[in-house]
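Listed here are the chains, written in short residue letters.
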Protein chains: 2
Amino acid sequence: VGPEAGADDRGDERIRRRNARSHRAILDTTTELLAEVGYGQLTIEGVAARAGVGKATVYRWWASKGALVIEAMSQQPTVPFDTDTGNLRADLLAAVRRMIDVLTDSPEGTVLPELTADLVRDPRLADQFRAQFLRPRRSAIEKVIQKAVERGELSPDVDIRLVLDASAGAVFYRYVVTGEPVTEDLATKLVSLLLDGTGSTREPPQPAAGQVRP
Amino acid sequence: VGPEAGADDRGDERIRRRNARSHRAILDTTTELLAEVGYGQLTIEGVAARAGVGKATVYRWWASKGALVIEAMSQQPTVPFDTDTGNLRADLLAAVRRMIDVLTDSPEGTVLPELTADLVRDPRLADQFRAQFLRPRRSAIEKVIQKAVERGELSPDVDIRLVLDASAGAVFYRYVVTGEPVTEDLATKLVSLLLDGTGSTREPPQPAAGQVRP
């Protein structure tokens, strides 16, 4: 290894640092522009111009506007979901409140209804969204619900993902589709519905076997 | 009333008929173009050109592309929801299956994830969507669930809209956001979850008062 190789190393290092700076600048600019103009109006050209890079530089790392936006929103710092009261009802209520806050009052929540068309149309983009954005956020909640199974508060047969899809789905559907109110009252009633059901199928009380005198 | 007024009447009638033909042609063309290019690529210009009218004619009746598309999709003939088995579980299962079919396999279902951004951004458009498209479709299902209350299968306190939002929401959220499977199995499990709950809060069996010997 001679001095020539050493010079190459220093050159590589300069390129590597410049790349890292550009990469960071593009993501930060995307976050800024999302807040300013929204997903619909954001363009790769606009991001490149403000970040001081060429369009080709953006496309070297991201295949589409959707891919860039999903990486930018995935990197937003979020308060981790660390509720773990040891009581399923309280934990699920905290989870639903968190879903309401994110959807109605966060930059990522604003982007979500704008992304849905692209997610349905582009399965690769949907995979990226689920791996980078959705799964890390859901797994914290899944773990807390899983603990309720371990404590015996929930049957091991419970489909935790279905419970979470029905929770987040009711909130999302109200917010974007039906326009019914998305409030604290929704959180309480939704958790009751999912844990207790509508109570419709309760059979009239039967004498328990052990209590019937022979 | 002389012959002159009669001539005017005939003129008005001609204009009225021509307007009705243009109105119908614009809506039919919108439905065709939605199927061919989707909501994202559909333009008022494209509709006007194919329908053989000017852009101004389209804008005379519809304020935006969204308003035009919502009216066109609302007029699509749909098989009415006429399931009424007299059993809540069977009726709700039929309703969830219908939601799955519409979302995953109908022209209106294809448009829905593409509309969400516009619905959140434009409250007037959202009102139009709810009045023209959503309410007529939901009310048929609401009536069937209401009958379960009247039969005593459901408590009068049950929030029927919340049950429907959680049903449709879970289906919609899976389809567009989490990508979990939207299948017959989902319909069955979702109805069980909403009617029976997770079973988490069932207290250990207590002896019923009448069975305790004094």
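See above for the structure.
Residues numbered from 1 in each chain as written. Chains lettered and ligands numbered in written order. Predicted model: local features only at pLDDT ≥ 70, side-chain atom pairs only at ≥ 80, totals over all residues. Heavy atoms only, no water.

Undergrad: How would you sum up the relation of the copies chain A and chain B? Please name residues and give values.
TA: For these two chains of identical sequence, chain A goes onto chain B by a turn of 180° and a shift of 0.0 Å along the axis, with RMSD 0.0 Å. Between the two chains, the operation in question is that of a two-fold axis. Looking at chain A, 100% of its interface residues are interface residues in chain B too, so the copies touch through the same face. (Least-squares fit on C-alpha atoms with pLDDT ≥ 70 in both. Contact = heavy atoms within 4.5 Å.)

Undergrad: Which residues make up the pattern of salt bridges, and what values go with them?
TA: Applying the stated criterion across every chain, the model contains 34 salt bridges over all chains. Between E13 of chain A and R16 of chain A there is a salt bridge, and its shortest N-O distance comes to 3.2 Å. Pair noted here: E13 of chain A and R16 of chain A are both in helix α1 (residues 3–41), with a separation of 3 residues, about one helical turn. For R16 of chain A, a relative accessible area of 48% translates into the label partly exposed. Between R50 of chain B and E32 of chain B there is a salt bridge; the shortest N-O distance is 2.9 Å. Of the two residues, R50 of chain B sits in helix α2 (residues 44–51) while E32 of chain B sits in helix α1 (residues 3–41), which places them 18 residues apart along the sequence. Classification of R50 of chain B by relative accessible area gives partly exposed; the value is 41%. On the basis of relative accessibility, which here comes to 38%, the residue E32 of chain B falls in the partly exposed class. Ionic contacts of the salt-bridge type, sharing partners, join the residues E13, R16 and R17 of chain A into one network. (Salt bridge = Lys/Arg side-chain N within 4 Å of Asp/Glu carboxyl O. Helix = DSSP H or I, 4+ residues; strand = E, 2+ residues; numbered from the N terminus. Buried < 20%, exposed > 50% of the residue type's maximum accessible area, 1.4 Å probe, protein only.)

Undergrad: Before we move on, could you go through the nonpolar core and cite the residues and values that matter?
TA: Formed by 129 residues in total, the largest nonpolar core has its most connected members in F129, F172 and L190 of chain A together with F129, F172 and L190 of chain B. Dropping the residues within four chain positions of it, F129 of chain B is found in contact with V177 of chain A together with I70, M73, L112, L115, L119 and L134 of chain B. (Core = buried A, V, L, I, M, F, W, Y, C linked by side-chain atoms within 4.5 Å.)

Undergrad: Help me get a handle on the packing of aromatic side chains, residues and values and all.
TA: Where two aromatic rings form a pair, the distance of their centres and the angle of their planes describe that pair. Under the criterion given, the structure shown has 7 aromatic pairs over all chains. Arranged with centres 5.4 Å apart and planes meeting at 25°, the rings of F129 of chain A and F133 of chain A form a pair that is stacked. Of this pair, F129 of chain A and F133 of chain A both sit in helix α7 (residues 123–150), separated by 4 residues, roughly a single helical turn. With relative accessibility at 0%, the residue F129 of chain A sits in the buried group. The exposure class assigned to F133 of chain A is buried, which follows from its relative accessible area of 6%. An angle of 20° between the planes, with centres 6.1 Å apart, marks the rings of F172 of chain A and F172 of chain B as stacked. With F172 of chain A in helix α8 (residues 160–178) and F172 of chain B in helix α8 (residues 160–178), the pair connects residues from two separate chains. Note on F172 of chain B: relative accessible area 2%, which makes it buried. Linked through ring pairs, F172 and Y173 of chain A together with F172 and Y173 of chain B together constitute an aromatic cluster. One cation-aromatic arrangement involves R60 of chain A over W61 of chain A; the distance from NZ or CZ to the ring centre is 4.7 Å. Looking at K65 of chain B, its charged tip hangs above the ring of Y39 of chain B, at a distance of 4.6 Å from the centre. (Phe/Tyr/Trp six-rings, centres within 6.5 Å; stacked < 30°, edge-to-face > 60°. Lys NZ or Arg CZ within 6 Å of the ring centre and 35° of its normal.)

Undergrad: Got a sec to walk through the environment of M73 of chain A? Specific residues and values, please.
TA: Residue and element names in this part refer to chain A. Considering the arrangement of structural elements, one finds M73 in helix α4 (residues 65–74). The spatial distance from the C-alpha of M73 to the C-alpha of D8 is 36 Å, given a sequence separation of 65 residues. Setting aside residues up to four positions removed in sequence, M73 forms contacts with E108, V111, L115, F129, F133 and R137.

Undergrad: Could you give an account of the side chain of E180 of chain B, naming the residues involved and the relevant values?
TA: By the secondary structure assignment, E180 of chain B is in the loop between α8 and α9 (184–196). Reaching out from E180 of chain B, the side chain makes a polar contact with the side chain of R161 of chain A at a distance of 3.2 Å. Sequence-distant contacts of E180 of chain B, defined by excluding residues within four places in its chain, comprise R161 and D165 of chain A together with R174 of chain B. (Polar contact = N/O pair within 3.5 Å; in protein donor to acceptor, adjacent residues only side chain to side chain.)

Undergrad: Residue-level account of the interface of chain A and chain B, with values.
TA: With 51 residues of chain A at the interface, the matching set in chain B holds 51 residues. Buried area between chain A and chain B, both sides added, is near 4400 Å², and the carbon and sulfur share of it is 60%. A salt bridge links R174 of chain B to D165 of chain A, with the shortest nitrogen-to-oxygen separation between them at 2.6 Å. Of all the elements in the fold, those that place two or more residues in the side of chain A that touches chain B are α5 (88–104), α6 (107–121), α7, α8 and α9 (184–196) of chain A. With 15 residues, α8 of chain A is the largest single contributor of residues to the side of chain A that touches chain B. Class assignment of the residues belonging to the side of chain A that touches chain B gives a composition of 26 nonpolar, 11 polar and 14 charged. (Buried area = accessible area lost by both parts, 1.4 Å probe. Nonpolar A, V, L, I, M, F, W, Y, C, P; charged D, E, K, R; others polar.)

Undergrad: Give me the lowdown on α8 of chain A, citing residues and values where you can.
TA: Residue and element names in this part refer to chain A. Between its first and last C-alpha, α8 extends 25 Å over 19 residues, near the 27 Å set by a 1.5 Å rise per residue. For α8, a buried count of 17 out of 19 residues is recorded, marking the element as mostly surrounded by other parts of the structure. Among the residues trailing α8, G179 stands out with phi positive, at a value near 75°. (Expected span 1.5 Å × (residues − 1).)

Undergrad: How would you summarise the layout of surface pockets if you had to cite specific residues and measurements?
TA: Of the voids in this model, the largest pocket is the one considered here, and its volume is about 790 Å³. Taken together, 35 residues make up the lining of the largest pocket; nearest its centre are A117 and R121 of chain A together with Y39, G40 and E114 of chain B. Looking at the lining of the largest pocket element by element, the count peaks at 10 residues for helix α6 (residues 107–121) of chain B. Among the residues making up the lining of the largest pocket, the classes are represented as 16 nonpolar, 10 polar and 9 charged. The space that makes up the second largest pocket amounts to roughly 610 Å³. Counting residues per element, the ones that place at least two in the lining of the second largest pocket are α5, α6, α7 and α8 of chain A together with α8 of chain B. (1 Å grid on protein atoms, 1.4 Å probe; cavity = no way out; pocket = protein on both sides within 12 Å on 5 of 7 lines; lining within 4 Å. Points joined across faces, edges and corners; volume = space filled by probe spheres on them.)

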